[in-house]
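# Architecture and fold: a report
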Amino acid sequence: MSDRSTGAVRAALAPDAPTASATGAAPAADTPGCAQPAPLAPGARFFPSLAAVYRAQLSRARVARIPLLFVATFQSVGIMILMRGVVDGGSEARAVVAGSSVLVVAFVALNLLAQYFGQLRAGGGLDHYATLPVPPASVVLGAAAAYASFTLPGTLVTAVFGCLLFGLPMSGLWILAAVVPLAGAALAGLGAALGLLAPRQELATLAGQLGMSAALLLGVLPPERMPAVIVWTRDLLPSTYGVEAFARTFEASPDWAAVLFDLGVCAAVGVLSLTVATWAYRRAAVR
């Protein structure tokens, strides 16, 4: 067989084999005029992203601020009026006033935030945040802080009314400046986690309402009248430590070490619950 015939057979069996001239050619990407991929912009920093989400959520919820405050405050004030016929004073009155005040925080930070994130997940709103170059923690913290911001006026009004109703001193109301944000962070993280982990929007709403009911029953009712099993369950609720810290300030000689311990527990639970909520947000955003 001639060399010409041998070359034809090889070309037929391996038509895609690179030739000597093609092997020595430069890649197409290295040729002048070929488009290069543009570098990506750096990701947004945490605190500017948190401030942006907080302002957006605050302006969004501003329309419902007055009804929200009215419902949360009216509910707590009504509970104190009902309990006035059962409780005369002492430690029971302190528990009722402190529990009703923190209940305003639970209504907003736990109940409404669970409903909001459940609705956001069901309606595809998480897809919008997932496309933004912001850290997931800033989305969770921004929404939680915006909802918790509405609780301070209602909590203060409830506490003042309760002090007047039960004849308690108002000298310790300044502790609300620490109780509201710390208890609010713990309850907001729990509410956001419930809303993001619930498989359906209805279950998120149900979980938020059950959590608020637990805060009502275990926080407002005096622990002296509860069975031991219920008292142990009460210790598992984050809002309990905010209630205890606030109730101790009504005493003639408050135990400030115990107050700081209760506030520290609220802070620790807040960090843990917000971390779980951030993980739940990442999990829900990529599914």
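Procedures and definitions
Residues numbered from 1 in each chain as written. Predicted model: local features only at pLDDT ≥ 70, side-chain atom pairs only at ≥ 80, totals over all residues. Heavy atoms only, no water. Axes fitted to C-alpha atoms, helices over the stretch in contact; angles between N-to-C directions. Helix = DSSP H or I, 4+ residues; strand = E, 2+ residues; numbered from the N terminus. Parallel < 35°, antiparallel > 145°, perpendicular 65-115°, else oblique. Left-handed = near helix turned anticlockwise from the far one by under 90°. Contact = heavy atoms within 4.5 Å. Nonpolar A, V, L, I, M, F, W, Y, C, P; charged D, E, K, R; others polar. Phe/Tyr/Trp six-rings, centres within 6.5 Å; stacked < 30°, edge-to-face > 60°. Buried < 20%, exposed > 50% of the residue type's maximum accessible area, 1.4 Å probe, protein only. Core = buried A, V, L, I, M, F, W, Y, C linked by side-chain atoms within 4.5 Å. Salt bridge = Lys/Arg side-chain N within 4 Å of Asp/Glu carboxyl O. Patch = residues over 30% accessible without salt bridge, like charges linked within 9 Å, V, L, I, M, F, W, Y side chains within 5 Å. Areas by Shrake-Rupley, 256 points an atom, 1.4 Å probe, with all protein chains shown as cover. Expected span 1.5 Å × (residues − 1). pLDDT = per-residue confidence, 0-100.

A pair of packed helices can be characterised by two numbers: the angle between their axes and the separation between those axes. Two elements in contact, helix α5 (residues 91-122) and helix α8 (residues 151-166), have axes separated by 9 Å at closest approach and are oriented at 165°. What the angle tells us is that α5 and α8 run roughly antiparallel. In this structure, α5 crosses over α8, and the sense of that crossing is right-handed. Contact residues: α5 offers A93, V96, V97, S100, S101, V104, V105 and V108, while α8 offers T151, G154, T155, T158, A159, G162, C163 and F166. Per-class residue counts for the contact of α5 with α8 are 9 nonpolar, 7 polar and no charged.

Using the criterion set out here, one finds 4 aromatic pairs in the structure. With 5.6 Å between their ring centres and 15° between their planes, F70 and F74 make a pair best called stacked. Of the two residues, F70 and F74 are both situated in helix α4 (residues 65-84); the distance of 4 residues between them amounts to about one turn of the helix. The residues F70 and F74 share a single accessibility class, namely exposed. Ring geometry for Y116 and F117: centres 5.4 Å apart, planes at 70°, overall edge-to-face. Among the residues examined, Y116 registers a relative accessible area of 7% and is labelled buried. Looking at F117, the relative accessible area reads 1%, which means it is buried.

This paragraph deals with the nonpolar core. Membership of the largest hydrophobic core comes to 67 residues, with the highest contact counts inside it found for L113, Y116, F117, F166 and F246. Looking at which element gives the most residues to this core, the answer is α5, with 18 residues. If we ignore the near neighbours within four places in the chain, the residues touching Y116 are Q57, R60, Y129, A143 and Y147.

Within the structure shown, the criterion is met by 3 salt bridges. Among the ionic pairs, E244 bridges to R234, the shortest N-O distance being 2.8 Å. Within this pair, whereas E244 is found in helix α12 (residues 238-248), its partner R234 is found in helix α11 (residues 228-234), the two being separated by 10 residues in sequence. R234 sits in the buried class, given a relative accessible area of 4%.

A grouping of L197, L272, V276 and W279 is seen on the molecular surface, where their side chains present a nonpolar patch of about 380 Å² in accessible area. Broken down by element, the nonpolar patch gets its largest block of residues, 3 residues, from helix α13 (residues 256-285). Within the fold, L197 resides in helix α9 (residues 176-197). Classification of L197 as partly exposed rests on a relative accessible area of 36%.

Further remarks concern the packing of α9 against α12. The interhelical angle for the contact between α9 and α12, taken along N-to-C directions, is 175°, at an axis separation of 9 Å. Relative to α12, α9 is oriented roughly antiparallel. For the pair α9 and α12, the contacting residues are L176, V179, A186 and L187 in the first and P238, S239, G242, A245 and F246 in the second. Among the residues forming the contact of α9 with α12, the class breakdown is 7 nonpolar, 2 polar and no charged.

All right, on to the side chain of T151 then. Along the chain, T151 falls in helix α8. Every residue in contact with T151, bar those within four places of it in the chain, is listed here: V104, V105, V108 and V180.

When the terminal C-alpha atoms of α8 are compared, their 22 Å separation across 16 residues agrees well with the 22 Å that a helix rising 1.5 Å per residue should span. Following α8 by one or two positions, G167 has its phi on the positive side, about 70°.

As a further point, take the environment of W279. Examined against the element boundaries, W279 turns out to sit in helix α13. Spatially, the C-alpha atom of W279 lies 9.8 Å from that of V140, the residues being 139 residues apart in sequence.

Mean pLDDT over the protein: 80, with 82% of residues reaching 70 or higher. α12 holds the highest mean pLDDT among the elements of the protein, 92, whereas helix α2 (residues 20-23) holds the lowest, 43. Here residues 1-31 is modelled with pLDDT under 50, and outside its nearest four sequence neighbours on either side it reaches 5 contacts, counting other chains as well.

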